[in-house]
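For reference, the chains in residue letters:
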Amino acid sequence: MLMQGKRGLIVGVANKRSIAWAIAQRCHEQGAELAFSYQSERLGENVKELTAEIPGSVLFQMDVSDDAQVKAGFDLLKSKWGKLDFLVHAVAYAPRQALEGDFVSTTREDFRVALDVSAYSLPVLAHGAKDLMAGGGSIIALSYLGSERVMPNYNVMGVAKAALESSVRYLASDLGPGGIRVNALSAGPIKTLASSGIGGFSTILDHHRNHAPLRKLVELEEVADGALFLLSDMGRGVTGQVLYVDGGYNIMAI
Ligand code: NAD
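Attention here is on the structure that accompanies the text. The residue numbering used here restarts from 1 in each chain and proceeds along that chain's sequence as written. The model is predicted, so local features are restricted to residues of pLDDT at least 70 and side-chain atom pairs to those at 80 or more, both for listing and for counting; the totals for chains, interfaces and linings are taken over all residues. Note: side-chain values were computed over all heavy atoms of the structure, leaving out hydrogens and water.

### Some words on unusual backbone geometry
Glycine aside, a negative phi is what most residues show, and trans is what most peptide bonds show.
Right, so step 1: With a phi close to 45°, Asn 155 is a non-glycine residue in the positive phi region.
Right, so step 2: Per-residue accessibility, obtained with a 1.4 Å probe over protein chains only, is compared with the maximum for each type, and a residue is labelled buried under 20%, exposed over 50%, and partly exposed between these values. Take Asn 155: its relative accessible area is 13%, and that puts it in the buried class.
Right, so step 3: Phi is positive for Arg 215, close to 50°, though the residue is something other than glycine.
Right, so step 4: What makes Arg 215 exposed here is its relative accessible area of 52%.

### Details of a nonpolar patch on the surface
Right, so step 1: Here a patch means residues that are over 30% exposed by relative accessible area and free of salt bridges, tied together within 9 Å if like-charged and within 5 Å if nonpolar (Val, Leu, Ile, Met, Phe, Trp, Tyr). Residue-level accessible areas treat just the shown protein chains as cover; the underlying method is Shrake-Rupley with a 1.4 Å probe. We define a salt bridge as a contact between a side-chain nitrogen of Lys or Arg and a carboxyl oxygen of Asp or Glu at a distance within 4 Å. Taken together, the side chains of Leu 2, Phe 229 and Met 234 make up a nonpolar region of the molecular surface, amounting to roughly 270 Å² of accessible area.
Right, so step 2: With respect to the helices and strands, Met 234 occurs in the loop between α7 (220-231) and β7 (242-245). Only runs of H or I of at least four residues qualify as helices and only runs of E of at least two qualify as strands under DSSP, and these elements are numbered from the N terminus.

### Quick look at the site of the ligand
Right, so step 1: Proximity is defined per residue: any heavy atom of the residue falling within 4 Å of a molecule or strand makes that residue near it. Neighbouring the ligand are 28 residues; Ser 18, Gln 39, Lys 161, Ile 190 and Thr 192 lie closest to it.
Right, so step 2: Polar contacts, as used here, are pairs of N or O atoms within 3.5 Å; protein pairs need one atom able to donate a hydrogen and one able to accept it. Residues neighboring in sequence count only if both atoms are side-chain atoms. With respect to the ligand, the side chain of Thr 192 contributes an N or O atom lying 2.6 Å from an oxygen atom.
Right, so step 3: In this structure, an oxygen atom belonging to the ligand sits 2.9 Å away from a main-chain N or O atom of Ala 194.
Right, so step 4: With a 1 Å grid laid over protein atoms only, a set of points is called a cavity when a 1.4 Å probe fits there but cannot get out and a pocket when it is open yet has protein on both sides within 12 Å along at least five of seven lines; lining residues have an atom within 4 Å of a point. More than half of a molecule's atoms lying within 2 Å of a cavity's or pocket's grid points is what places that molecule inside it. Given that more than half its atoms are within 2 Å of the pocket grid, the ligand belongs to the largest pocket.
Right, so step 5: Each residue gets one of three labels, nonpolar for Ala, Val, Leu, Ile, Met, Phe, Trp, Tyr, Cys and Pro, charged for Asp, Glu, Lys and Arg, and polar for the others, Gly among them. Among the residues forming the shell around the ligand, the class breakdown is 19 nonpolar, 7 polar and 2 charged.

This is the structure we're talking about:
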């Protein structure tokens, strides 16, 4: 029961295939109490259905690009719980046309939206969380290798993930003296709602399956176990890092 007595906010469950949902289930099995935020009322219906199996969960709507909704979310957690031990950031978005073709044609508006929702949301959520983490805490953000290497069609999302991983390091430095750890978990490619928006994603899956040292796709449960390590006291000596749960794909040149 690695998460017994811990309370955490999970941001980014859209449906049962969401990475955030796999992490939530693992944390729940290990004794955590959970709060879930959802982007929209429509996705809220899915989250309500899924979390029926986790009684006592706190649910609220929070679009991470809306400061007022973020503030309201943390105010609610403050009044319900008064403290927070961990936060899972599993949020990314770029307009579909920015995730196909060449990067050089990315519009200013698509760049702004992608960076706002997928990267700036981390410092915003960390700012809201830190006041509730007086006794220390652990924050993780989901990333992808496209932050460092050029992946076909990943384009502006790669730039956003680079900003996200850099934000992890600055936040780790800011919040470390207060006992709050901040890390990224770089997952291998998995079929989800978000990844279905990336042009030619099945080619990325095939390449991973054929070339990753472990010669298979990453499973949701493997990502969830990596998250559990970082979120629990098992990871107490680790901050400002990127943990790759990608079957070793990141070490390969071809
Ligand atoms: P997903 O579609 O299940 O989750 C993405 C979530 O982002 C959704 O819940 C969506 O509601 C939320 N979101 C988007 N815009 C938002 C906004 N403005 N406000 C609040 N929430 C918003 O897909 P996923 O693949 O589970 O994605 C979760 C995270 O994992 C993302 O950061 C993604 O980049 C990352 N990731 C995914 C893969 C993959 O191959 N699927 C690999 C590595 C990293």
